[in-house]
Amino acid sequence: MIKKVGMVSPEKTSLSPVQRSGRYVLVLFIVSVAVRVVFLVHYKMIDTDSAYYGNIARLFAAGHWQKALDPYWPPLYPFFASLLYRLGIGLEASGILVSLLASAGTVVLCFFLGKRLGGERAGLIAAGLAAFHPRLISISQSFLTEPLFLFFSGAALALYCRIFDGQGHETKGSQPLLFAALGVLLSLSFLTRPEAVFYLLLILVISGLKFLLRPALKKSLSPKKMAAHSLLLLLLLAGFILPSLPYILRLAEIQGRLTLGEKAEANFYLAYRDDYKKLGISVEPSGYDSITGPAEPRRPGNYHLLQFLQKNPGTILKKSLRNLPNALFDKIPSLMYWPLTLLCLFGLAYRKEIRRSVYDLIFGLWILVPVVIYSPLFLYRRFFTPALIPMIVWCALGLEELRRRLPRKIFQAGAVLGAVLLLFLTNFSISSQSWPTLYKKAGLWLKSHADRPVILSSRKPETSFYADAEFRPLNAQKIEDLFDFLKNGNITHLVIDDYIIPSSHPQLADLLDARRAPPWLIPIFFETQDGHTLILYKFQGS
């Protein structure tokens, strides 16, 4: 047969399913980045923890690695921000860019997980949900660890689901590399947020149980296979330990003992502070605020956890039981947004075309990890961020079930309408947030008008962040003690605001009226917002 001129065989023109899905995922990733950039029009300012991460990023950029590796503040997120900062991007923009790219990266992770559980179309639906999910868009505007932790922990989940049963493109020869890579992803997660250790433990337990149950499934358990399986777990541990080792050794040097970080101990103390006082257990708080003073030595804390547990073992269990319903039926659904939570439950419970599998159990355990960790402490919605990826995938499975039952045009119209509604919900959620921007205004004014160097004392560090100033927590409680505190700390400026000072430092509340300030405090900046007041003083102690 003679081919006609200009005719090309279909095999050479049509894309394979893999190529087509790859292009769709790339398009969704680009769209997700664009959407997140557009919503930056609503961006206001950083929050309190962001100021500390910003100081750590400055330390990394300046080469002060020993100071930047702090037990309270995990290093990886500010380290990535510091890399962009050294390229000439502003510090605040650098942190937001890391968060934005990490949030957009979940599009790819949701595709792979959705594809594994429900097929290629389910994967593309999951990727689309990740691109337009209101919470993923809102956290992309944060100077916090949650977006990066979500990406690395989600990547670990995706890789573990890929290698769990040895199916797909894996071969026995590639398994050692995959387990080592899984350990590295978990290590990067740990360097972003320390609770990643619990995901490591979860994977070790699941892998161990799966191997031990092989005889019950009538599969042989020879010494050779046992040795091979043990080697894989050792490679997983090695992949986790090696990247984390410099940080762990630095923590041991500061704390005087091996530890995975101080944040959990400090949070435990804050959650049970009243019980500590009732039991008469004295605590030496850590000097984590010293991260803002490069020359100030780090003071390790001692929270006497074992002593507390010995004296009051039932308190933690009682608080956990009280918090569990709140975590499961309030924090996680509101994090996901209730309409999507209901769709998620539909995708989990109503499955006829897509079979259920052990991956659903893994997803459920993945969601329960932060619930178990934080129920004994206190519940901030952002602590449950790792639950987003599994729940988005379950949403996609529910939509895929509907797609197979509805006419194509109706489903496509519904998908477009759903994307518009998600963007509308995102716009309403982000634009309605109230931020105390008077801290930012005071900091930017101080940066433009003050002589260098500036050492600023206040209750919140946001003003010092925007002023590029060293921050000192306001520790003086009385006017009589304030002069010595400012003078001995070489502090040049003082922030007084009525958000916190009236409750935390009631004897300093008179400083909210500049006319009642002592002569050595000169008011230089005044700002109000929504009935709140901030006064910036210059200290003249000579």
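As the structure is a prediction and not an experimental result, all values here were calculated from the model.

### Topic: the sheet that holds strand 5 (residues 532–539)
Read from one edge to the other, the open sheet built from five strands follows the order 2-1-3-5-4, with strand pairing classed as mixed. The open sheet has two edge strands with one neighbour each: strand 2 (470–473) and strand 4 (521–529). Geometrically, the sheet is characterised by an average inter-axis angle of 25° between neighbouring strands, direction not taken into account. Judged from the four bridges that link them, strand 1 (residues 455–458) and strand 2 form a sheet pairing that is parallel. Within strand 2, the residue paired with Ser457 across the bridge is Arg472. Against the sheet, helix 23 (residues 479–488) engages strand 1, strand 2, strand 3 (493–497), strand 4 and strand 5, with an angle of about 60° to strand 5.

### Some words on the packing of aromatic side chains
As enumerated under the stated definition, the model contains 37 aromatic pairs in all. Ring geometry for Phe60 against Trp65: centres 5.2 Å apart, planes inclined by 80°, an arrangement best described as edge-to-face. Ring geometry for Tyr374 versus Phe383: centroids 4.4 Å apart, planes at 25°, classification stacked. Of the two residues examined, Tyr374 and Phe383, each falls in the buried class.

### Observations concerning the packing of helix 6 (residues 91–118) against helix 7 (residues 120–132)
Between helix 6 and helix 7, the shortest axis-to-axis distance is 7 Å and the interhelical angle comes to 150°. Here helix 7 runs roughly antiparallel to helix 6, going by the angle between their axes. For helix 6 against helix 7, the interelement crossing comes out right-handed. When helix 6 is examined against helix 7, the residues Thr106, Val107, Cys110, Phe111, Gly114, Lys115 and Gly118 are found in contact with a partner set consisting of Glu120, Ala122, Gly123, Leu124, Ala126, Ala127, Ala130 and Ala131. Across the contact of helix 6 with helix 7, the residue classes tally to nine nonpolar, four polar and two charged.

### Examining unusual backbone geometry
Residue Arg452 is joined to Pro453 through a cis peptide bond whose omega torsion reads -5°. A positive phi angle is found at His304, which is not glycine, with a value near 50°. Note on placement: His304 falls in the loop between helix 14 (273–279) and helix 15 (305–311). Among the residues examined, His304 registers a relative accessible area of 22% and is labelled partly exposed.

### Describing the pattern of salt bridges
Using the criterion set out here, one finds 17 salt bridges in the structure. In this structure, Glu401 and Arg405 form a salt bridge, with 2.7 Å as the shortest nitrogen-oxygen distance. Assessed through its relative accessible area of 0%, Glu401 is described here as buried. For Glu462, the salt bridge identified is with Lys460, shortest N-O distance 3.3 Å. According to the relative accessible area criterion, Glu462 is buried, its value standing at 3%. One network of salt bridges, with partners in common, ties together Asp49, Glu146, Arg193, Glu195 and Arg382.

### Quick word on helix 6
With 28 residues, helix 6 extends 41 Å from end C-alpha to end C-alpha; this agrees with the ideal 40 Å at 1.5 Å per step. Burial within helix 6 is extensive, with 21 of its 28 residues counted as buried.

What counts, and at which threshold
Residues numbered from 1 in each chain as written. Predicted model: local features only at pLDDT ≥ 70, side-chain atom pairs only at ≥ 80, totals over all residues. Heavy atoms only, no water. Pairing = 2+ DSSP bridges. Helix = DSSP H or I, 4+ residues; strand = E, 2+ residues; numbered from the N terminus. Axes fitted to C-alpha atoms, helices over the stretch in contact; angles between N-to-C directions. Contact = heavy atoms within 4.5 Å. Phe/Tyr/Trp six-rings, centres within 6.5 Å; stacked < 30°, edge-to-face > 60°. Buried < 20%, exposed > 50% of the residue type's maximum accessible area, 1.4 Å probe, protein only. Parallel < 35°, antiparallel > 145°, perpendicular 65-115°, else oblique. Left-handed = near helix turned anticlockwise from the far one by under 90°. Nonpolar A, V, L, I, M, F, W, Y, C, P; charged D, E, K, R; others polar. Salt bridge = Lys/Arg side-chain N within 4 Å of Asp/Glu carboxyl O. Expected span 1.5 Å × (residues − 1).

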